[in-house]
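# Analysis of the macromolecular model
Below, each chain spelled out in residue letters.
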Amino acid sequence: MDDGSQPEGRDAESTGGDVADGTGTGAGTTTGDGTGGDTTVGTGAGAAGGTVGVAGADSGVERLLAAVRAGRAADVPALLEPLDDAARKTALAQLKELRAEVDAGKWAAPAFVANRIRGALYVAGAGCLPGVAAAASWLGARDLLTRSADGGRLALSALGDRGPEWAADLAGRLAKRRAVAEAAYPLVHGLMSRSGQAVPPTDGYVTGWIRHITDDRLVERLREDPRTPALVAHALAMAATPEPFTRTVRPGSPRHWPTALRTLVTEGTLDRAQILDLCVTRLLRGGPARNLRFPLEVTRLLEPGADELRKRIPDWVGLASDAPSAVAGYAQDVLADLAAAGALPVAALAEMTAGVLFRTEKKLVRAQLALVGRVLAREPGAAGALLPAVTEAFGNDDTSVQERALKLVGRHLRALEPEVRRELAETAGLLSPTHRQAAEALFGDALEGPAGAAYEEILPPVPERQPVGPPVTTVEALMEQLVVERLSEDPVAFERALDGLVRLAHRDRTAVVEAVRETFPRTEWQDASSFTDRAQGIEVVLAGLLGLLDQARVDLGRTPGHGADSCFHEALSGVLDVRLWEAADLIGTGALPFLLATPTWHTGGIDPPVLVERLRACRDAGVEPAPADLAQALLRVLRRDPSAGRAAEEAAALGTPAGRGLAAWLREEDAVAASVRFLVRGREPSPVTGWLIDRIVVDVDDRATVREEFPPAFTWLGGALEGVPRRCHHGEDSSRAQWATVLPADRDVLAACLLPSLAGCVDGSARGATEPLTTLVEAEGPVGRAVHLVLAFGLGCVDADDRLRAVDAMLVLASRGELNARRLGAELAWLVAEGSVKPNRLADAARTAADTGAYGTVWTVLAAMLPGPLSAATPVRGLGEVLAVAADCVERCGARDEPAGLDALASGRGSTQLVVQARRLRNALRQGTDQSLAETA
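Quick caveat, the model's predicted, so the values are computed rather than measured.

Another aspect to go through is the overall build of the chain. Within the chain, the secondary structure is distributed over 46 helices and four strands. Looking at the chain as a whole, 52% of its 937 residues qualify as buried. Accessible surface, the chain as shown: approximately 40,400 Å² in total, 50% of it carbon and sulfur.

Helix α23 (residues 418-427) packs onto helix α21 (residues 383-390) with a crossing angle of 10 degrees between their chain directions and a minimal axis gap of 10 Å. With respect to α23, the axis of α21 lies roughly parallel. Across from Gly384, Leu387 and Pro388 in α21, the residues of α23 making contact are Val420, Glu423 and Leu424. Considering only residue class, the contact of α21 with α23 consists of four nonpolar, one polar and one charged.

It is worth spelling out the environment of Val390 at this point. Structurally, Val390 is set in helix α21. On the basis of relative accessibility, which here comes to 0%, the residue Val390 falls in the buried class. Through-space distance from the C-alpha of Val390 to that of Leu406 is 8.6 Å; in sequence the pair is 16 residues apart. Once residues within four sequence positions are removed from consideration, Val390 is found in contact with Thr353, Leu357, Leu369, Val372, Ala405, Leu408 and Val409.

With that settled, consider the nonpolar core. Leu64, Leu170, Leu187, Trp209, Trp257 and Phe443 are the most contacted members of the largest nonpolar core, which has 140 residues in total. Sorting elements by how many residues they give to this core places helix α4 (residues 111-128) first, with 10 residues. Contact partners of Trp257, with chain neighbours within four places excluded, come to Trp209, Ile210, Ile213, Thr214, Leu218, Leu222, Val232, Phe245 and Phe294. Grouped together as the second largest cluster of nonpolar side chains are 125 residues, Leu654, Leu813, Leu828 and Leu866 included.

Our focus in this paragraph is the packing of aromatic side chains. All told, the structure shown has 11 aromatic pairs when counted by the stated rule. Their ring planes at 35 degrees and their centres at 5.4 Å tell us that Trp665 and Phe710 sit as a pair that is tilted. With Trp665 in helix α34 (residues 657-666) and Phe710 in the loop between α35 (704-709) and α36 (747-762), the pair connects residues that are 45 residues apart, well separated along the chain. On the numbers, 6.2 Å between centres and 70 degrees between planes, the contact of Phe710 with Phe714 is edge-to-face. In this pair, the class of Phe710 matches that of Phe714, namely buried. Across the ring face of Trp138, the terminal group of Arg99 is positioned such that the distance to the ring centre comes to 4.8 Å. A cation over an aromatic ring shows up here: Arg465 above the ring of Trp601, its NZ or CZ 4.0 Å from the ring centre.

Attention shifts here to the pattern of salt bridges. Tallied over the entire structure, the rule returns 45 salt bridges. As a salt-bridge pair, Asp802 and Arg805 come within 2.9 Å of each other at their nearest N and O atoms. Here Asp802 pairs with Arg805, and both are found in helix α39 (residues 800-815), just three residues apart, close to one helical turn. In this structure, a network of salt bridges that share partners links the residues Glu182, Arg211, Glu243 and Arg247.

Glancing now at unusual backbone geometry. Positive phi, normally seen in glycine, also occurs at Glu303, with a value near 50 degrees. Relative accessible area serves as the criterion here: at 62%, Glu303 is assigned to the exposed category.

With respect to the secondary-structure elements, Met865 resides in helix α42 (residues 855-865). Sequence-wise, Met865 and Glu827 are 38 residues apart; in three dimensions their C-alpha atoms are separated by 7.6 Å.

Between its first and last C-alpha atoms α36 spans 21 Å; for 16 residues at 1.5 Å apiece the expected length is 22 Å, and the two agree. In the structure, α36 departs most strongly from a straight axis at Leu755, where the bend amounts to approximately 40 degrees and where the proline Pro756 lies between one and four residues downstream. Here α36 lies mainly inside the structure; 16 of its 16 residues are buried.

What follows concerns helix α27 (residues 509-519). Quick reminder: α-helices carry 3.6 residues per turn. Residues three or four places apart thus point the same way. Every buried residue of α27 is listed here: Val512, Val513, Ala515 and Val516. Projected down its long axis, α27 shows its buried positions confined to an angular sector of 165 degrees, all on one face. Those residues of α27 that are exposed and angled more than 90 degrees off the buried face are Thr510, Glu514 and Glu518. The inward-facing, buried residues of α27 contact α25 (475-484), α26 (491-507) and α28 (539-545).

Turning to the environment of Arg553, a few remarks are in order. For Arg553, the location among the structural elements is in helix α29 (residues 551-558). A residue is classified by how much of its surface remains accessible, and Arg553, at 17% relative accessible area, is buried. When the C-alpha atoms of Arg553 and Trp581 are compared, they prove to be 9.1 Å apart, with 28 residues separating the residues in sequence.

Take the side chain of Arg922 next. Looking at the element boundaries, Arg922 is found in helix α46 (residues 913-936). Of note is the side chain of Arg922, whose polar atom sits 3.1 Å from the side chain of Ser907. Ignoring anything within four residues of it in the chain, the contact list for Arg922 reads Glu898, Leu902, Asp903, Ala906 and Ser907.

Before going further, it helps to examine the pairing of strand β4 (residues 696-700). Most of β4 is tucked away: four of the five residues are buried. Here five bridges tie strand β3 (residues 674-678) to β4, and the two strands are oriented antiparallel to one another. Following the sheet pairing, Arg677 is matched in β4 by Val697.

On average, residues of the chain carry a pLDDT of 85, and 86% of them reach 70 or more. Here residues 1-57 is a poorly scored stretch, pLDDT under 50, and it has 117 contacts once near neighbours within four places are set aside; other chains count. Residue range residues 682-689 is modelled with pLDDT below 50. Its contacts to residues more than four positions away, or to other chains, number eight contacts.

Looking now at the side chain of Arg312. Inspection of the secondary structure assignment puts Arg312 in the loop between α16 (306-311) and α17 (313-322). Look at Arg312 and you get buried, because its relative accessible area is 10%. What Arg312 contacts, discounting residues up to four positions off in sequence, is Ala273, Leu276, Asp277 and Val280.

The rules behind these values
Residues numbered from 1 in each chain as written. Predicted model: local features only at pLDDT ≥ 70, side-chain atom pairs only at ≥ 80, totals over all residues. Heavy atoms only, no water. Helix = DSSP H or I, 4+ residues; strand = E, 2+ residues; numbered from the N terminus. Buried < 20%, exposed > 50% of the residue type's maximum accessible area, 1.4 Å probe, protein only. Areas by Shrake-Rupley, 256 points an atom, 1.4 Å probe, with all protein chains shown as cover. Axes fitted to C-alpha atoms, helices over the stretch in contact; angles between N-to-C directions. Parallel < 35°, antiparallel > 145°, perpendicular 65-115°, else oblique. Contact = heavy atoms within 4.5 Å. Nonpolar A, V, L, I, M, F, W, Y, C, P; charged D, E, K, R; others polar. Core = buried A, V, L, I, M, F, W, Y, C linked by side-chain atoms within 4.5 Å. Phe/Tyr/Trp six-rings, centres within 6.5 Å; stacked < 30°, edge-to-face > 60°. Lys NZ or Arg CZ within 6 Å of the ring centre and 35° of its normal. Salt bridge = Lys/Arg side-chain N within 4 Å of Asp/Glu carboxyl O. Expected span 1.5 Å × (residues − 1). Bend = angle between axes of the 7 residues up to and from the residue. Arc of directions from axis to C-beta. Polar contact = N/O pair within 3.5 Å; in protein donor to acceptor, adjacent residues only side chain to side chain. Pairing = 2+ DSSP bridges. pLDDT = per-residue confidence, 0-100.

Written as structure tokens, this is what we have:
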């Protein structure tokens, strides 16, 4: 929303008591809340307490203020009429004070009463402000603005007999602010009518106009409005399609805008050529499909003639190549009709073909190949121009599309010049190996590339651990870090900033406090009530530094436990919360000179020798480590690092409880551990739903050290939580980015905790739960079942971005030599068999991974996954897409082991994708076997 300038009196301070909702010295007034009930609100002088008192004011002003406090906006215009400028100025000052009180929540009344008061303030302020700029600021203020048509009408009435130029100026100012012009359309329209001048249309005004006139009399309203041509043209030219146009309305409805515009075009009210140009231009600008639905529908309804279509051939070619599917399909149909009529130049068809064949939609690609085939049957001489474009399909993921394109080229190859034939042969290298023999027969010696080149697996380089930089050393650098860096999205930057804040506050608390007050003069976290639930990031530490927190709330935040119904996401976030409350309590005191838990590596891990030195510094300074800070440091220390043994000896030699605790912790092989199991419907004592999230059980192993010696917020890692399914709403927690750094030395435990949120992305609509996977696979600790399960879940997520992150994580794990591809395939097998992971999503993820060059890795995963689905009693929907990826991998890497069930499926009758791809995979595997035998012989 365009907030514009802040209105006058916005930050006025109250000087008296709170505004009361009881009766004062005046009489009460009964006002309705619009929902059937009435509420009595005091309207006398005492109703406002001392802050908005009206003692000594003119009786007219008193009546006006009483009406405003009662929320009687309808009475305001009449009460304004007898007031002169001086009286209005007096009223305005008190209106500003009342507005500040209502905005601050000091008006003791139900929310709907406060909203009624705001409505009355909106009208009264309009009538009391003499200047155009001040009136525009007041009428456009977010706290007062309303979509109510009555509010606009009453404000217009309150403005009285202001001159035409004044009204036009105000209308222009309001129209320039999109949200204001849209919400206050009745007011802006009334001002424009009163001024007699035509204010240039703006996006907000036009959107408000569309909302205002969309009813069962839409066509009549459009006919009656003389500005319809200009406003419709502006609506079609807007950068973002007006929201009302994106809604789905049945064509037969009287509120269907495309039909209404066609009617006006037919009548001549709107210029046909202009509307068609605007629609096509809007389609060319692109954007989300829902924003293009309206101009596409208008274009269809206008039914452009042959001449109109020919004039725009370049536009249709561009749309067919680049627009969303629905628009591209329409453009393709238009160009196909022109081609059938002989009105489409060959060069345009060639350009269109190259663009469409680069797309992924099979329907469009196949239709384009068919179109080129029809044109070549009629005009064989066009082969030289069209067939090079057809070879774009040689690189299509679908081998059946490749086959169609190859056959099309083969039918017309003899008519081509030798140079063109060589060009086509060069592109044949894009074809799948399954078409290699056909390509050799077609192109002969001109075909490039050896048929039996040795396969080489391509995996991403092993990521190197990135050291975390030292904390900032100046207050200025700290403030810049707090303001500029996206701390909520980068856990390492967050930890650096938090450590820098603690260190600098320990060194010079006064300087840091002054800098914080100057950098954050007015923020929500400066209100202690902001932290009634969660710590909400580093802000709670800043509030603690400024002394804004209630000690009882701090103590509560430092000692949270986890109930039996707590979920693992709540537990992970709770670790960060308790650390923040602890830092908020101790910052700037001698008890917290720095943080022990600050990572030394980007994964969140801490080198054992570094933690020993930090504990040594605490001992030398006579500081007892803060409990939550120490607990998180222990969870982050890399116990399996080669330096851990020597570090344990040095820690024990410190002679402190913290040192001895670290030494014992470093000697623990499995300081924390967890396992995963899944409930099966029909085999459990309690009902089990079909949702994956309701069947996951994570059992954290019992660890007495963690349960008994760690702070309450950490005891869940010692087995304090009961092993039951835990459905929760924390999958999209704002602190999700921090989860991966809680357990950087025990990634299988972390993976187990992440499974419920990932399950929500597999069989629900949740998104983004794979964000911690990159850090997880680069962390330390064993790679067990939980890690492979999060990869399996990630590969089957609904969201494409989630699947892409899972692919990256799988390949990184493979490059580190830590991926058990067969184990991952086995987990995918049962997830696909029960329907949790959809084969089409898995196929998309597998193809993405294979396209990087990791054909062998992907095949190993799929080979372990396929036997179950291949042997299913009924065909698994979408399995053909998985088999296509598998066949492509085998053709590239030369694998030979045939999964169980493949031969039976491939030997069946039919030409479905499932059967065709099963045959292709079987042939590729047997070809690899034959080749291996030949090489052995």
